[in-house]
Amino acid sequence: MSKTLPNSASYVIIGGGVIGTSIAFHLTRCGVKDVVLLEKASLTEGATWHAAGLVGQFRSQQNLMSLMSDSVQLFDGLADETGQDPGWCKFGSLRLAQSGDRWKELLKSFSAAQAVGFEMHLLTPSEAGDVFPLIETGDLVGAAFIPADGYIDPNSLTQAYARGIRANGGEIFEAVMVKGLRRERNRITQVVTDQGTIEVGTVVNAAGLWARQVGWMAGVEIPAGVVEHQYLVTEKSDKIPPGLPALRDPDGGYYAKPEPGALAIGGWERETRKVNPREGFPWENERHLFDADMDRLEEFFAPAMRRIPLLGELGMRSIVNGPIPISPDGEPIMGPLPGLDNFFVACAFTSGIAASGGAGKALANWMMHGDPGLDLWSFDVRRFGPLHAGQRFLHDRAVESYSKYYAIHWPGEELESARGVRRSPLYQTLKQQGAVFGAKFGWERANWFSYGDIPQQDVHGFDRPQQEITVGREHRAAREAVVLIDMSSFTKLEISGAQACDFLQYLSVANVDREPGGATYTQLCNERGGIEADVTVIRRSQDCFWLITGSGLGVRDRHWIESHLQVERYRDNDFEVSNDELWTRSGEQWVRSGEESGLRNSPAFKQVEIRDITSAYGVINLAGPLARKVLQKVCDDDLSHAAFPFMSARDVRIGYAPALAYRVTYIGELGWELYIPSEYLQYVYEELQQAGGEFGITNIGYRAIDSLRLEKRYLAWGADITPDYNPIEAGLDFLIDWNKGDFIGAEALAEIIREGVQRKLVCLALDDSLPVFGGEAIFCDGEVVSQTSSGNFGYTVGKSLVLGYLPVELLEHENFMVEAFGERSQASIVKGAIYDPKREKILC
């Protein structure tokens, strides 16, 4: 190990746990030599050293499963590659189902596994007993076995990464404490340690238990908390055979990891303890363990003893109650941090050992190429905002997410902690009228409304319980009469300035250069043509536009937009361009050098201002075939189709109140989104509800919206379209304007059109009314060919509907089936939209 810190480095990774070492390993593996890893104590200290080491690959989303599978592929060859045995035991994993609902959850997982070619086997109770002979099977419904899972030694794995780092030219410095991060505008320029200062190109916060505090050094809040997690290790016994798989019994709330002649039994209790939520985890507690909590331990050990009777004969050799990092939703935090151009995070991994190989690879790609290589929205730091980083919100949510780790994950289930935080002015009114709320980015949004004798509370199940009465009623009201939807949580960005139009033209695939009052639906694509955002742009005046995006997408989309404001970033080993400054290597120093290098820079847009106006305006969506009649009663403007065409917006008065009326739809009916200054929202709602009384006006929620939009084949970003898909595959190529000038992704999309796509998004209508939610396997002629991206029941057409990408060579086939919860239904491709394919309901 070197004794002297270098004066500069292209990459500095803070944290020598399994995640930090994996990131450095993958960077150096790709040929990057100028990599420095800093660890304040010794490698593995923090959370890695006391981790159980389970490796499970299956996740509900294909890309997350791919990330975990990348880890396993790396583990398979890591000993040969580095010369260090990571202690990888690939003996598989067994997940038990003790109830009918848990078995349904496994059936759903099995369908998704088939769809992506992931090996998973469903077992009878007797077969489960053959795989893990120590368990009682009499009360089991079934089990799932994944042969490529296993367990690994966390210390040996970390040391293998470290050995690879050094062999590939990287440097590791232990016992070096980071004391501060010096910042100039939107860049970290220096990492200050107790042994010197390093000029830096890019910084990675992989500080695990201390990630939040490292964020404070940079002046940013990272929603990464710490909670307690405990497990015990039994005494050794000859009765424990070698080669057992890892065991998970989620109905009992525990896992069992085989040790040599023993078992480690851990669990995810109903409530754990927060650790130092205000001041952060103490810097000096690298190897700290808490006192055992026997009450919490009994919660999962008692059911473990019933399942594995041998445990009653064995003593406890040790109890480990250690700190683990966790985010508000229990998933890791990765990616570029908004507000800083060269600061990446990789933290809050509750399953960091299993994820380390794939996470290190993805973050290395992200930093080197500006793209992780696959859509990681579920792990992206930009799914969170300032609200989530507040210590009370963070830790209350973290404790609840922890408690639900082994709970059945019901479709549409909402978390209960940290609720009621962001409320539309209509919140109390809607609650009094029966709204059952969900939460999105802290906003309370009506999911559905109680009706008749149905209680005003969610009922969970895999068969959409009572939704025929509730959601179906709302769906039919939208198709047959007129409805009100509170959409105030929409993210609304005002983009203004002399270059605002040129800037948006450069970002968008569609032409946004319309007359004031014109509106455009468009995608924002990356250089590969992948869809980074799905937005609407309304031109308010010559130099002012409103960009509307999803409630939970504001941080991500704004970061994407702002990252292209001036000079787009390009990197290799020796240079970096960001925010109109070129940083180059001069010996051991990073220096600003203007633009003399001849790099191809994207346009600089310095006369653009971006302002978040979300809280300033509420939004009411008035929609349905009778919407015009209702709006005309309270508005003096001519609302006819000729005077107020589709995709246009104008300032109007609704009663006495000012509003921007934007004629658009996401449900496939005549309608307007009404953008109303927040102080007028309650008044406007009352005016509309009173005016619509004679027409049977009805409140509806977001569950009905999802059903309605599928009948129209309208897409949802994050499910049907992501950076992994392009507009041509998604059937959105009609939006691309090839005559408006250059835009991001134009070259790639042109090449895709020339070469032709390999897959296309289709809607499939099922013959049988199976409950579908997305993730189901699609079969053609008996073979698995794809996976659904979303699914719901269409109450107008009376069919279950799914969206999914099919290979183009299958588009003319007819023998399709969709599998849901172990049942299969014939399905047929819908050409266009199954409801109102000629758009007559919209253009009227």
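As the structure is a computational prediction, the values presented were derived from the model and not from experiment.

What follows deals with the packing of helix H5 (residues 154-167) against helix H8 (residues 352-369). The geometry of a pair of packed helices is captured by two quantities: the angle between their axes and the separation between those axes. Interhelical geometry of H5 versus H8 gives an angle of 20° and a closest axis separation of 11 Å. Classified by the angle between their axes, H5 and H8 sit roughly parallel to one another. In the crossing of H5 with H8, the sense of the turn from one axis to the other is left-handed. Contacts from Pro-154, Leu-157 and Tyr-161 in H5 reach Ile-353, Ser-356 and Gly-357 in H8.

Before going further, it helps to examine the sheet that holds strand E16 (residues 316-326). Spatially, E5-E6-E4-E13-E14-E15-E12-E16 is the arrangement adopted by the 8 strands of the open sheet, whose pairing is mixed. Either end of the sheet is taken by a strand with one partner, and the two such strands are strand E5 (121-123) and E16. When strand polarity is set aside, the average angle formed by the axes of neighbouring strands in this sheet is 20°. Both E5 and strand E6 (residues 142-146) contribute to a ladder of 3 bridges, which runs antiparallel. What sits directly across from His-121, in E6, is Phe-145. Sitting on the sheet, helix H3 (residues 100-115) touches strand E4 (93-97), E5 and E6, and the angle it makes with E4 is about 135°. Most of the contacts of helix H7 (residues 294-307) go to strand E12 (residues 225-234), to which it runs at about 45°, and overall it touches E4, E12, strand E13 (246-249), strand E14 (254-259), strand E15 (262-267) and E16.

It is worth spelling out H8 at this point. The largest bend in H8 amounts to roughly 40° and is located at Gly-358. For H8, the tally of buried residues reaches 16 of 18 residues, placing the bulk of the element in the interior. Within two residues after H8, Gly-370 carries a phi angle of roughly 75°, on the positive side.

Within this structure, the stated rule accounts for 38 salt bridges. A salt bridge links Asp-293 to Arg-273, with the shortest nitrogen-to-oxygen separation between them at 2.8 Å. Of the two residues, Asp-293 sits in the loop between E15 and H7 while Arg-273 sits in the loop between E15 and H7, which places them 20 residues apart along the sequence. Since its relative accessible area comes to 41%, Arg-273 is described here as partly exposed. Two residues, Glu-444 and Arg-419, come together in a salt bridge whose shortest N-O distance is 2.8 Å. Taken together, the positions of Glu-444 in strand E20 (residues 443-449) and Arg-419 in the loop between helix H10 (391-403) and helix H11 (427-432) put the pair 25 residues apart, joining distant regions of the chain. Residue class for Glu-444 comes out buried when judged on its relative accessible area of 7%. Assessed through its relative accessible area of 26%, Arg-419 is described here as partly exposed. In this structure, a network of salt bridges that share partners links the residues Glu-228, Glu-269, Arg-273, Asp-293 and Arg-296.

Note that Lys-257 resides in strand E14. According to the relative accessible area criterion, Lys-257 is buried, its value standing at 8%. At 2.6 Å, the side chain of Lys-257 forms a polar contact with the backbone oxygen of Ala-52.

The next thing to look at is the confidence of the model for the protein. Atom-level detail of predicted coordinates should not be read off regions where pLDDT is low. A residue-level look at the protein finds 95% of positions with pLDDT of 70 or above and a mean pLDDT of 94. Predicted confidence for residues 567-600 stays below pLDDT 50, and this span has 99 contacts to residues more than four positions away or in other chains.

Now for the sheet that holds strand E36 (residues 777-780). Sheet architecture is closed into a barrel: 6 strands sit in the order E35-E38-E37-E36-E39-E40, paired in antiparallel fashion. Along the sheet, successive strands turn relative to each other by an average axial angle of 40°, direction set aside. Across the sheet, helix H17 (residues 702-711) is in contact with strand E37 (783-794) and strand E38 (799-807); its angle to E37 comes to roughly 125°.

A few words on the packing of aromatic side chains. Summed over the entire model, instances satisfying the criterion amount to 23 aromatic pairs. Between Phe-75 and Trp-88 the ring centres are 5.5 Å apart and the planes differ by 65°, which places this aromatic pair in the edge-to-face class. Of this pair, Phe-75 sits in helix H2 (residues 62-82) while Trp-88 sits in the loop between H2 and E4; the two residues are 13 residues apart in sequence, bridging distant segments of the chain. Just as Phe-75 is buried, Trp-88 falls in that class too. Ring plane angle 55° and centroid distance 4.8 Å describe the contact between Trp-268 and Tyr-402, whose orientation is recorded as tilted. One end of the pair, Trp-268, is in the loop between E15 and H7; the other, Tyr-402, is in helix H10, and 134 residues separate them in sequence. Residue Trp-268 is classed as buried on the basis of its relative accessible area of 9%. When its relative accessible area of 1% is taken as the criterion, Tyr-402 is described as buried. Chaining the aromatic ring pairs together yields one cluster made of Trp-268, Tyr-402, Tyr-405 and Tyr-406. The side chain of Arg-479 reaches across the aromatic face of Tyr-835, ending 3.9 Å from its centre. One cation-aromatic arrangement involves Arg-663 over Trp-672; the distance from NZ or CZ to the ring centre is 5.9 Å.

Let's shift gears to the nonpolar core. Nonpolar side chains in soluble globular proteins tend to end up buried together. Core analysis: the largest hydrophobic core is formed by 47 residues, its most contacted members being Ile-13, Ile-23, Leu-27, Met-334 and Leu-363. Among the elements of the structure, strand E1 (8-14), helix H1 (18-29), strand E2 (35-38), H2, H5, strand E18 (343-347) and H8 are those that each provide at least two residues to this core. If one sorts the elements of this core by residue count, H8 sits on top with 10 residues. Leave out the neighbours within four places in its chain, and Leu-27 touches Tyr-11, Ile-13, Val-32, Val-35, Ala-364, Met-367 and Met-368.

What counts, and where the lines are drawn
- Residues numbered from 1 in each chain as written.
- Predicted model: local features only at pLDDT ≥ 70, side-chain atom pairs only at ≥ 80, totals over all residues.
- Heavy atoms only, no water.
- Axes fitted to C-alpha atoms, helices over the stretch in contact; angles between N-to-C directions.
- Helix = DSSP H or I, 4+ residues; strand = E, 2+ residues; numbered from the N terminus.
- Parallel < 35°, antiparallel > 145°, perpendicular 65-115°, else oblique.
- Left-handed = near helix turned anticlockwise from the far one by under 90°.
- Contact = heavy atoms within 4.5 Å.
- Pairing = 2+ DSSP bridges.
- Bend = angle between axes of the 7 residues up to and from the residue.
- Buried < 20%, exposed > 50% of the residue type's maximum accessible area, 1.4 Å probe, protein only.
- Salt bridge = Lys/Arg side-chain N within 4 Å of Asp/Glu carboxyl O.
- Polar contact = N/O pair within 3.5 Å; in protein donor to acceptor, adjacent residues only side chain to side chain.
- pLDDT = per-residue confidence, 0-100.
- Phe/Tyr/Trp six-rings, centres within 6.5 Å; stacked < 30°, edge-to-face > 60°.
- Lys NZ or Arg CZ within 6 Å of the ring centre and 35° of its normal.
- Core = buried A, V, L, I, M, F, W, Y, C linked by side-chain atoms within 4.5 Å.

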